[in-house]
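An overview of the molecular structure
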Amino acid sequence: MQLQSPAFLAGNTIPLKYTCDGDNASPPLNWENPPNGTSSYALIVEDPDSPKQTFTHWIVYDLPFTVKCLPEGVANKPTMPNGGKQGKNDFGKLGFFGPCPPEETHRYFFKLYALAHPLFLAPGASKEEVVKAMEGHVLESVELMGVYSKGD
């Protein structure tokens, strides 16, 4: 399985538009070659360089297996037009909140999980609830990492 964004290459700087210093829009993502048996997808976006703990910026789950991309600027609503659901990020809000490091360069990992079945969680689930529901049902995972620092 492969995950990429037309907005930035793996390991490169995430454009300003997709950060708290810009439009705070979610970047476009697309993926291909899921494993056989994939029923749904989940996506978790995290910053492991946050000073106190790994900081979660976006949680999406119950994306149907027929979905192979997320457009730029997904609305921060409980449910998505394609059938997916959004959880609460570590800002306590639904949907995407872009990179916003206090200082220095931080890494942001977009982790996509191919799942054997939907999670059947209500919208607004926490990362902990999503991770627990995925246990034993992850067929494959892939990640895309981008970096950002104030002034990039």
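Summarised in this report is the structure supplied together with it. (Residues numbered from 1 in each chain as written. Predicted model: local features only at pLDDT ≥ 70, side-chain atom pairs only at ≥ 80, totals over all residues. Heavy atoms only, no water.)

Regarding the packing of aromatic side chains
Counted only if it meets this: Aromatic contacts are taken between Phe, Tyr and Trp rings whose centres are within 6.5 Å, Trp giving its six-membered ring; a plane angle under 30 degrees counts as stacked, one over 60 as edge-to-face, and the others as tilted. Charge over a ring is defined by NZ of Lys or CZ of Arg lying within 6 Å of the ring centre and within 35 degrees of the ring normal.
With the rule as written, the count across this model stands at 5 aromatic pairs. On the numbers, 3.9 Å between centres and 40° between planes, the contact of F91 with F97 is tilted. Feature note: the residues F55, F91 and F97 constitute an aromatic cluster, connected by ring pairs. One Lys or Arg, K111, reaches over the ring of F109 and ends 5.8 Å from the middle of that ring.

Observations concerning the nonpolar core
Here is the rule: Here, nonpolar core means buried Ala, Val, Leu, Ile, Met, Phe, Trp, Tyr and Cys residues that are tied together by side-chain atoms lying within 4.5 Å of each other. Partly exposed describes any residue whose relative accessible area lies between the buried limit of under 20% and the exposed limit of over 50%, with all areas from a 1.4 Å probe on protein chains only and scaled to the type maximum. In this description a helix means any DSSP run of H or I spanning at least four residues, a strand means any run of E spanning at least two, and both kinds are numbered starting from the N terminus. Contacts are assigned to residue pairs with any non-hydrogen atoms lying within 4.5 Å of each other.
Of all hydrophobic cores here, the largest spans 26 residues; its most connected members are W31, L43, W58 and F110. If you list the elements that add at least two residues to this core, you get β2 (29-32), β3 (40-47), β4 (55-64), β7 (106-115) and β8 (138-148). At 4 residues, β7 tops the list of elements feeding residues into this core. Setting aside anything within four residues of it in sequence, one finds F110 in contact with L3, F8, I14, P27, L29, L43, I44, V45, V142, E143 and L144.

What to know about the sheet that holds β4
Put simply, the rule reads: The pairing criterion for strands is at least two bridges between them, as found by DSSP. Angular values range over 0 to 180 degrees, each being the angle between N-to-C directions of two axes fitted as lines to C-alpha atoms, with helices fitted over their stretch in contact.
Within the open sheet, the 5 strands sit side by side as β6-β4-β3-β7-β8. Their pairing is antiparallel. In this open sheet, the two edge strands, each paired with only one partner strand, are β6 (85-86) and β8. Sheet topology note: the β7/β8 ladder contains 10 bridges and is antiparallel. What sits directly across from F110, in β8, is L144. Running at roughly 135° to β3, helix α1 (residues 127-134) makes contact with β3, β4, β7 and β8 of the sheet.

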